[in-house]
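Understanding the architecture of this molecule
Here is what each chain is made of, one letter per residue.
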Amino acid sequence: MNIKRYFLSGLAVFVFFFLAEFLIHAVYLSGPYEAVPNLLRAEGDESGFFAWLTIAYLILALAFAYIFTRGYQGRGIREGARYGVLIWLVAALPTSLVDYAVQPWPASIVGTWIVASLIEMVVAGVLLSLIYRPKAAAG
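So, how was this worked out
Residues numbered from 1 in each chain as written. Predicted model: local features only at pLDDT ≥ 70, side-chain atom pairs only at ≥ 80, totals over all residues. Heavy atoms only, no water. Helix = DSSP H or I, 4+ residues; strand = E, 2+ residues; numbered from the N terminus. Patch = residues over 30% accessible without salt bridge, like charges linked within 9 Å, V, L, I, M, F, W, Y side chains within 5 Å. Areas by Shrake-Rupley, 256 points an atom, 1.4 Å probe, with all protein chains shown as cover. Salt bridge = Lys/Arg side-chain N within 4 Å of Asp/Glu carboxyl O. Lys, Arg positive; Asp, Glu negative; His and termini not counted. Charge placed at Lys NZ, Arg CZ, Asp CG, Glu CD. Buried < 20%, exposed > 50% of the residue type's maximum accessible area, 1.4 Å probe, protein only. Axes fitted to C-alpha atoms, helices over the stretch in contact; angles between N-to-C directions. Parallel < 35°, antiparallel > 145°, perpendicular 65-115°, else oblique. Left-handed = near helix turned anticlockwise from the far one by under 90°. Contact = heavy atoms within 4.5 Å. Nonpolar A, V, L, I, M, F, W, Y, C, P; charged D, E, K, R; others polar.

**Side note on the environment of Leu128**
By the element assignment, Leu128 lies in helix H5 (residues 107–132). Counting along the chain gives 34 residues from Leu128 to Pro94, while the straight-line C-alpha distance between them is 23 Å.

**Describing a negative patch on the surface**
Together, Glu34, Glu43, Asp45 and Glu46 make up a region of like negative charge exposed at the surface. By the secondary structure assignment, Glu34 is in helix H2 (residues 30–34). For Glu34, a relative accessible area of 63% corresponds to the exposed category.

**Some words on the packing of helix H1 (residues 3–28) against helix H3 (residues 50–71)**
At a closest axis distance of 8 Å, the pairing of H1 and H3 adopts a crossing angle of 135°. With respect to H3, the axis of H1 lies oblique. In the packing of H1 onto H3, the handedness of the crossing is right-handed. Judged by residue contacts, Tyr6, Phe7, Ser9, Gly10, Val13, Phe14, Phe17, Phe18 and Glu21 of H1 engage Phe50, Leu53, Thr54, Tyr57, Leu58, Leu60, Ala61, Leu62, Phe64, Ala65, Tyr66 and Thr69 from H3. Residue composition of the contact of H1 with H3, by class: 16 nonpolar, four polar and one charged.

Take a look at the structure:
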(Lines give C-alpha, C1' and ligand atoms only; values in the text may rest on other atoms or scores of the structure.)
Protein backbone atom coordinates (compact mmCIF):
# COMPACT_ATOMS: atom_id res chain seq x y z
CA MET A 1 0.00 0.00 0.00
CA ASN A 2 1.24 3.46 -0.89
CA ILE A 3 0.66 5.44 2.34
CA LYS A 4 0.85 8.86 0.69
CA ARG A 5 -1.71 7.95 -2.00
CA TYR A 6 -3.88 6.25 0.63
CA PHE A 7 -4.11 9.36 2.80
CA LEU A 8 -4.56 11.64 -0.21
CA SER A 9 -7.37 9.47 -1.58
CA GLY A 10 -8.92 9.10 1.88
CA LEU A 11 -8.90 12.87 2.34
CA ALA A 12 -10.45 13.41 -1.09
CA VAL A 13 -13.19 10.88 -0.34
CA PHE A 14 -13.79 12.55 3.05
CA VAL A 15 -14.33 15.93 1.37
CA PHE A 16 -16.53 14.31 -1.28
CA PHE A 17 -18.67 12.48 1.31
CA PHE A 18 -19.09 15.64 3.34
CA LEU A 19 -20.19 17.67 0.33
CA ALA A 20 -22.41 14.93 -1.09
CA GLU A 21 -24.14 14.32 2.23
CA PHE A 22 -24.75 18.04 2.64
CA LEU A 23 -26.30 18.26 -0.83
CA ILE A 24 -28.42 15.15 -0.28
CA HIS A 25 -29.68 15.84 3.22
CA ALA A 26 -29.50 19.60 3.77
CA VAL A 27 -30.50 20.65 0.27
CA TYR A 28 -32.36 17.97 -1.68
CA LEU A 29 -34.17 16.32 1.24
CA SER A 30 -34.74 19.43 3.35
CA GLY A 31 -38.36 19.70 2.19
CA PRO A 32 -39.26 16.04 2.73
CA TYR A 33 -37.55 16.11 6.14
CA GLU A 34 -39.78 19.03 7.18
CA ALA A 35 -42.74 16.65 6.83
CA VAL A 36 -41.31 14.32 9.53
CA PRO A 37 -39.86 16.63 12.21
CA ASN A 38 -40.50 14.00 14.90
CA LEU A 39 -37.78 11.81 13.33
CA LEU A 40 -35.11 14.51 13.40
CA ARG A 41 -33.39 16.70 15.95
CA ALA A 42 -35.00 20.07 16.58
CA GLU A 43 -33.67 22.88 14.43
CA GLY A 44 -30.57 24.31 16.07
CA ASP A 45 -29.79 21.15 18.04
CA GLU A 46 -27.87 19.55 15.19
CA SER A 47 -24.95 22.00 15.46
CA GLY A 48 -23.99 20.41 18.78
CA PHE A 49 -23.40 17.14 16.94
CA PHE A 50 -21.33 18.46 14.03
CA ALA A 51 -18.13 17.00 15.48
CA TRP A 52 -19.75 13.55 15.49
CA LEU A 53 -20.66 13.92 11.82
CA THR A 54 -17.11 14.95 11.01
CA ILE A 55 -15.65 11.98 12.91
CA ALA A 56 -18.11 9.59 11.26
CA TYR A 57 -17.30 10.79 7.73
CA LEU A 58 -13.58 10.70 8.44
CA ILE A 59 -13.80 7.10 9.68
CA LEU A 60 -15.96 6.16 6.70
CA ALA A 61 -13.62 7.79 4.19
CA LEU A 62 -10.43 6.31 5.64
CA ALA A 63 -11.96 2.83 5.96
CA PHE A 64 -13.45 3.09 2.46
CA ALA A 65 -10.02 4.02 1.06
CA TYR A 66 -8.18 1.41 3.13
CA ILE A 67 -10.37 -1.47 1.99
CA PHE A 68 -9.93 -0.30 -1.60
CA THR A 69 -6.14 -0.36 -1.27
CA ARG A 70 -6.20 -3.94 0.02
CA GLY A 71 -7.84 -5.28 -3.13
CA TYR A 72 -6.50 -2.72 -5.60
CA GLN A 73 -5.81 -4.27 -8.98
CA GLY A 74 -5.09 -1.17 -11.07
CA ARG A 75 -8.01 -1.75 -13.44
CA GLY A 76 -9.14 1.86 -13.64
CA ILE A 77 -12.47 3.56 -13.28
CA ARG A 78 -14.54 0.39 -13.66
CA GLU A 79 -12.72 -1.11 -10.69
CA GLY A 80 -13.60 1.95 -8.62
CA ALA A 81 -17.24 1.91 -9.74
CA ARG A 82 -17.54 -1.81 -8.97
CA TYR A 83 -16.01 -1.22 -5.55
CA GLY A 84 -18.53 1.54 -4.86
CA VAL A 85 -21.41 -0.78 -5.76
CA LEU A 86 -20.05 -3.52 -3.50
CA ILE A 87 -19.67 -1.19 -0.53
CA TRP A 88 -23.18 0.12 -1.17
CA LEU A 89 -24.51 -3.46 -1.15
CA VAL A 90 -22.72 -4.25 2.11
CA ALA A 91 -23.34 -1.04 4.03
CA ALA A 92 -25.59 1.68 2.63
CA LEU A 93 -28.43 -0.38 1.16
CA PRO A 94 -28.92 -2.66 4.19
CA THR A 95 -28.70 0.32 6.57
CA SER A 96 -31.41 2.17 4.65
CA LEU A 97 -33.66 -0.90 4.65
CA VAL A 98 -33.14 -1.47 8.38
CA ASP A 99 -33.91 2.18 9.10
CA TYR A 100 -37.12 1.83 7.07
CA ALA A 101 -38.07 -1.33 8.96
CA VAL A 102 -37.53 0.05 12.46
CA GLN A 103 -38.44 3.73 12.11
CA PRO A 104 -41.46 5.35 10.49
CA TRP A 105 -39.52 6.91 7.61
CA PRO A 106 -41.58 7.56 4.49
CA ALA A 107 -40.74 5.22 1.62
CA SER A 108 -40.00 8.22 -0.61
CA ILE A 109 -37.23 9.42 1.71
CA VAL A 110 -35.76 5.95 2.05
CA GLY A 111 -35.91 5.49 -1.72
CA THR A 112 -33.98 8.73 -2.13
CA TRP A 113 -31.39 7.54 0.39
CA ILE A 114 -30.97 4.30 -1.53
CA VAL A 115 -30.49 5.91 -4.93
CA ALA A 116 -28.38 8.78 -3.62
CA SER A 117 -26.10 6.48 -1.62
CA LEU A 118 -25.57 4.26 -4.67
CA ILE A 119 -24.50 7.25 -6.73
CA GLU A 120 -22.37 8.55 -3.87
CA MET A 121 -20.55 5.24 -3.34
CA VAL A 122 -19.92 4.74 -7.07
CA VAL A 123 -18.54 8.26 -7.47
CA ALA A 124 -16.37 7.81 -4.35
CA GLY A 125 -15.05 4.53 -5.73
CA VAL A 126 -14.24 6.15 -9.07
CA LEU A 127 -12.54 9.00 -7.22
CA LEU A 128 -10.40 6.46 -5.37
CA SER A 129 -9.50 4.68 -8.60
CA LEU A 130 -8.32 7.96 -10.10
CA ILE A 131 -6.30 9.16 -7.09
CA TYR A 132 -4.85 5.89 -5.78
CA ARG A 133 -3.48 4.71 -9.13
CA PRO A 134 0.29 4.92 -9.61
CA LYS A 135 1.62 7.88 -11.52
CA ALA A 136 2.31 7.12 -15.19
CA ALA A 137 5.96 6.55 -15.94
CA ALA A 138 7.64 9.46 -17.69
CA GLY A 139 8.61 8.46 -21.14
